[in-house]
Amino acid sequence: MNKQIVIDVRDLTKQYKKQVVVNHASFQIQKGSICGLIGPNGAGKTTIMKMLGGLVLPSDGSFSLFGNSDETNLAKARERMSFMIETPYANQNLTAHQNLEKQRLQKGIPDKSRIDEVLEIVGLTNVGKKKFKEFSLGMKQRFGLANALFSKPEIMILDEPINGLDPEGIIEIRELLIKLNQQENITIMISSHILSELSLMCDDYLFIVSGNIVKHLTREELHNECRNYLHIHTDNDELAVAVLQEKLKITNFQVQKDGSLTLYEYVDNVAPVSRTLFENGVIPLELTTGGESLEEYYMSIVGGEENVECN
């Protein structure tokens, strides 16, 4: 059964004078998934989220939320969503509790206990009377998540929510988002320039460079792109495939355009592969191991883009 598409973006473009910030971006996000928007600072991540949130008008292209694309129904659809984009909105002179009380009244949420509930979820129950302007960056990020959770959204759009958090805080937020996704079925779109962190929570990955969506991978596809492999080139590549399938029962491999073989088995035990090929009349001309870490893969995509962080 096909999953419902809750965000459908088609050729979305944003241009400021002569600068194209988002260039014909197209992608879909399924209900119940966590989608990571990955790219260096200034790549266009925030602008895409602002267009989805109605904060910035597209120069071209279109998108739909919950199947709605006209302005009236987009506004209604956004009531089922929450957005945490750039600096979390708050009155600098109010406490976390006071800020959420203000939000509660504005949104017409009758349940006052929801304030303490979301503050506990994000770990801000002990901030007392500390004003928002006295919060650390990490505390502000947590408050932004509390605010995003307040109205019990079906979709959360989160712009760099782990920015400024220490390693323990990053783990806590990651586990929280996974819990919300799995237990509450909240669809999450989350941006970051830290692929290694998002790889632990996302189902899909959109890589954006200079306003262009350059790759859209599933979790499995990302794993396949980065995993270790054994590259095999012989004097008879077609026979080599047949021999390894029959003799070593290999199933996890790919035949490349030049006929060579990329093998994802026996990577740490090359001897049986080499021996089996020799014994069956196939001469290995090249037998090398390879693979990329997440950081290396990220850098291979973004190239020389500035302000890149991979850890």
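Rules of the game
Residues numbered from 1 in each chain as written. Predicted model: local features only at pLDDT ≥ 70, side-chain atom pairs only at ≥ 80, totals over all residues. Heavy atoms only, no water. Salt bridge = Lys/Arg side-chain N within 4 Å of Asp/Glu carboxyl O. Helix = DSSP H or I, 4+ residues; strand = E, 2+ residues; numbered from the N terminus. Buried < 20%, exposed > 50% of the residue type's maximum accessible area, 1.4 Å probe, protein only. Phe/Tyr/Trp six-rings, centres within 6.5 Å; stacked < 30°, edge-to-face > 60°. Lys NZ or Arg CZ within 6 Å of the ring centre and 35° of its normal. 1 Å grid on protein atoms, 1.4 Å probe; cavity = no way out; pocket = protein on both sides within 12 Å on 5 of 7 lines; lining within 4 Å. Points joined across faces, edges and corners; volume = space filled by probe spheres on them. Nonpolar A, V, L, I, M, F, W, Y, C, P; charged D, E, K, R; others polar.

Undergrad: So what exactly am I meant to see when it comes to the pattern of salt bridges here?
TA: Oppositely charged side chains can form a pair if their charged atoms are brought close together. Using the criterion set out here, one finds eight salt bridges in the structure. A salt bridge links E172 to R142; the shortest N-O distance between them is 3.0 Å. Of this pair, E172 sits in helix 6 (residues 167–184) while R142 sits in helix 5 (residues 137–149), placing them 30 residues apart in sequence. For R174, the salt bridge is made with E197, and the minimal N-O distance between the two is 2.7 Å. Of this pair, R174 sits in helix 6 while E197 is found in helix 7 (residues 195–198), placing the two residues 23 residues apart along the sequence. Each of the two residues, R174 as well as E197, counts as buried.

Undergrad: Could you clarify how one ought to interpret the packing of aromatic side chains in this entry?
TA: Each aromatic ring pair is characterised by the separation of its centres together with the angle its planes make. One pass over the structure, following the stated rule, counts three aromatic pairs. Judged by centre distance (5.3 Å) and plane angle (50 degrees), the rings of F132 and F135 are tilted. Here F132 falls in the buried class, since its relative accessible area comes to 0%. Residue F135 is classed as buried on the basis of its relative accessible area of 6%. Arranged with centres 5.3 Å apart and planes meeting at 65 degrees, the rings of F132 and F143 form a pair that is edge-to-face. Of this pair, F132 sits in the loop between helix 4 (113–121) and helix 5 while F143 sits in helix 5, and the two are eleven residues apart along the sequence. Like F132, the residue F143 is buried in the burial classification. Through pairs of rings, three or more aromatic residues link up here, namely F132, F135 and F143. The ring of Y16 has K14 sitting right over it, with the charged end atom 4.9 Å from the ring centre. For the cation-ring pair, R80 lies above F66, with the distance from its terminal atom to the ring centre recorded as 3.7 Å.

Undergrad: How should the environment of L222 be read in this particular structure?
TA: In this structure, L222 sits in helix 8 (residues 219–226). A relative accessible area of 4% means that L222 is categorised as buried. Between the C-alpha atom of L222 and that of Y297, which follows or precedes it by 75 residues, the distance is 9.3 Å.

Undergrad: Looking at this structure, how should I read the layout of surface pockets?
TA: If you roll a probe as big as a water molecule over the atoms, it shows you where there is empty space left. Each pocket or cavity is described by its volume, and for the largest pocket that value is around 470 Å³. The wall of the largest pocket is formed by 20 residues, among which S82, F83, M84, K107 and N147 lie closest to the centre. Those elements that place two or more of their residues in the lining of the largest pocket are strand 5 (81–84), helix 3 (96–107) and helix 5. Counting residues per element, the lining of the largest pocket draws most heavily on strand 5, which supplies four residues. Partitioned by chemical class, the residues of the lining of the largest pocket number eight nonpolar, seven polar and five charged. The calculated volume of the second largest pocket comes to roughly 310 Å³. Among the secondary structure elements, those contributing two or more residues to the lining of the second largest pocket are helix 4 and helix 6. Looking at side-chain class alone, the lining of the second largest pocket contains six nonpolar, one polar and six charged residues.

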